[in-house]
Amino acid sequence: MSDATATGPTEVPDRTMGTYVRAEPLFVRGAGAWLVDDAGERYLDLISGIGASSLGHGHARLGARIAEQAAALGHVSNLYRHAPGEELSRRLTERCRMDAVFFSNSGSEANETALKIARKVQVLRGQPERQSFVALTGGFHGRTTGALAVTAKESYREPFGALLDATFVDPENTAGLCAALGAEPAALILEPIQGEGGVRELSTGFLQAARAACDATGTVLIHDEVQCGSGRTGHFLAGDVYRARPDVVTLAKAAGAGVPFAATLARGEAADALVPGDHGSTYGGGTLACQAALTVLDELDTGLQERVVDLGDALEVGLDALASAHPGPVLQRRGRGLIQGLAMRRHDDAARAVHALAHPAAGPPVLACTASGGVLRLLPPYVLTDEDLAVALSQLDAALVSLNRDQP
Ligand code: PMP
């Protein structure tokens, strides 16, 4: 059987709803940071399933643990206890210095949970009128209606009518933030490093000011670390880089190594806010997803976290060199560790660079994507090798040359 037939008959039209404009390759397998399509072409994957496939592709230990778990005990729901879930809740809360965790299946769901916790905290304090939310311009929190309400991009929200009440404040506008929190919302939600919004790192000063303003106004502080968390910056939580501690933090993507898994971690009164009947998920924290997340923690504990630090440093040095070598198209490098972006002077150059990387004149194609504001975004898997990094940088160099804009 050829790879093409293994994926199903190609003459039957794809009936998937048109929410995505999909790229051409039909991937059939992968190993490490590399994907292989049905024609046998190899692609260097610097996007890792939008930051989810942290352990890369075809990870033997991940595959074995999921297979063993599936053979021993598959889905039992949250009506019953199981060992992987209890082990993971202990390890993840300890790692994040949080008191409790709720498991779900996607970043959007993790954020929905966080928004519900915040409202419930206000209800328990006797302030049920505190129902609105404050979020940041450039922030992205998901596509479900609650998470969408606090997502800044108007074109994402506008077609869907009335959503939860949210106010948006520009990052780094501390006075604006204090004014918005003065209106006594339920919570402030922010990404310490905005991913979709353009790989934009918030400053330590702003993050700490946000913490202080939340304390002063009784606002629950939610950090959305769906994209920047789970070790990607070199720290398990990006908030730790800036010494900013939220009341609630959400994880997904890299935390599950490509298996649908998400976690909403909370401390203090936020950890105890939800009681039986308040919230639920059929699949959340299932045995297979918990094994995936435990594998990620095990790998991080046995050298992978240090490797991400080194790899992130090397990637930053390489991207800084490319930014200096190509001042025509590239405005600046942004990001930290393995969440990196090249902000382009002309916004359409980001998409042109992604296309050039995928269709190189020589060498292997490379997968990257864009982020808002004309940013070429890289979210490589944590298992990138030194050779992979060298290939990535040389293909990026060629792609920037092909833009033919080397005069600023
Ligand atoms: N929050 C952030 C910061 C994200 O980057 C994303 C996904 N790009 C989400 C939430 C939503 O996650 P999901 O697509 O898993 O629902």
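Quantities reported herein were computed from a predicted structural model and do not represent experimental measurements.

Caption draft 1: Region of interest: empty space enclosed by the protein. By the definition in use, this model includes two cavities of 30 Å³ or more. Looking at the largest cavity, its volume works out to about 40 Å³. If you trace the largest cavity, you find it lined by His-75, Val-76, Ser-77, Asn-78, His-82, Thr-282, Tyr-283, Gly-284, Gly-285, Gly-286 and Thr-287. Split by residue class, the lining of the largest cavity holds two nonpolar, nine polar and no charged. If you trace the second largest cavity, you find it lined by Leu-88, Leu-92, Phe-236, Ala-255, Ala-293 and Leu-297.

Caption draft 2: Just the side chain of Gln-340, in detail. Inspection of the secondary structure puts Gln-340 in strand 14 (residues 339-344). On the accessibility criterion, Gln-340 (0% relative accessible area) is buried. Side-chain polar atoms of Gln-340 contact the side chain of Glu-316, separated by 3.3 Å. In terms of polar contacts, Gln-340 uses its side chain to reach the side chain of Arg-333, at 2.8 Å. In this structure, Gln-340 is in contact with Val-199, Leu-315, Glu-316, Leu-319, Arg-333, Arg-334, Gly-335, Leu-376, Arg-377 and Leu-378, ignoring residues within four places of it in sequence.

Caption draft 3: Structural detail: the pattern of salt bridges. Per the stated rule, a full pass over the model turns up 21 salt bridges. Measuring nitrogen to oxygen at the nearest pair gives 2.6 Å for the salt bridge that ties Arg-336 to Glu-201. Here Glu-201 lies in strand 9 (residues 200-201) and Arg-336 lies in strand 13 (residues 330-336), a separation of 135 residues in the sequence. Judged by relative accessible area, which is 29%, Arg-336 ranks as partly exposed. Between Arg-211 and Asp-215 there is a salt bridge whose closest N-O contact spans 2.8 Å. Taken together, the positions of Arg-211 and Asp-215, both in helix 9 (residues 204-217) and four residues apart, correspond to about one turn of that helix. Classification of Arg-211 as buried rests on a relative accessible area of 14%. In this structure, a network of salt bridges that share partners links the residues Arg-61, Arg-65, Glu-87, Arg-91, Arg-95, Asp-298, Glu-299 and Asp-301.

Caption draft 4: Spotlight on the site of the ligand. Of all residues adjacent to the ligand, which total 13 residues, the nearest are Gly-107, Ser-108, Asp-224, Gln-227 and Lys-253. In this structure, an oxygen atom belonging to the ligand sits 2.8 Å away from a main-chain N or O atom of Gly-107. At a separation of 2.6 Å, an oxygen atom of the ligand approaches a polar side-chain atom of Ser-108. Taken by itself the ligand offers 400 Å² of open surface, and the protein chains cover 82% of this. The dominant element in the shell around the ligand, judged by the number of residues it contributes, is helix 5 (residues 107-124), at three residues. Per-class residue counts for the shell around the ligand are two nonpolar, seven polar and four charged.

Caption draft 5: Molecular detail of the nonpolar core. Core analysis: the largest hydrophobic core is formed by 59 residues, its most contacted members being Leu-92 and Phe-261. Broken down by element, this core gets its largest block of residues, 15 residues, from helix 12 (residues 287-325). In this structure, Phe-261 is in contact with Leu-88, Leu-92, Phe-103, Ser-104, Asn-105, Ala-252, Lys-253, Ala-255, Gly-256, Ala-289 and Ala-293, ignoring residues within four places of it in sequence. If you look at the next biggest cluster of nonpolar residues, it comprises 27 residues, including Ala-210, Ala-238, Ala-244 and Ala-343.

What counts, and at which threshold
- Residues numbered from 1 in each chain as written.
- Predicted model: local features only at pLDDT ≥ 70, side-chain atom pairs only at ≥ 80, totals over all residues.
- Heavy atoms only, no water.
- 1 Å grid on protein atoms, 1.4 Å probe; cavity = no way out; pocket = protein on both sides within 12 Å on 5 of 7 lines; lining within 4 Å.
- Points joined across faces, edges and corners; volume = space filled by probe spheres on them.
- Nonpolar A, V, L, I, M, F, W, Y, C, P; charged D, E, K, R; others polar.
- Helix = DSSP H or I, 4+ residues; strand = E, 2+ residues; numbered from the N terminus.
- Buried < 20%, exposed > 50% of the residue type's maximum accessible area, 1.4 Å probe, protein only.
- Polar contact = N/O pair within 3.5 Å; in protein donor to acceptor, adjacent residues only side chain to side chain.
- Contact = heavy atoms within 4.5 Å.
- Salt bridge = Lys/Arg side-chain N within 4 Å of Asp/Glu carboxyl O.
- Near = heavy atom within 4 Å.
- Areas by Shrake-Rupley, 256 points an atom, 1.4 Å probe, with all protein chains shown as cover.
- Core = buried A, V, L, I, M, F, W, Y, C linked by side-chain atoms within 4.5 Å.

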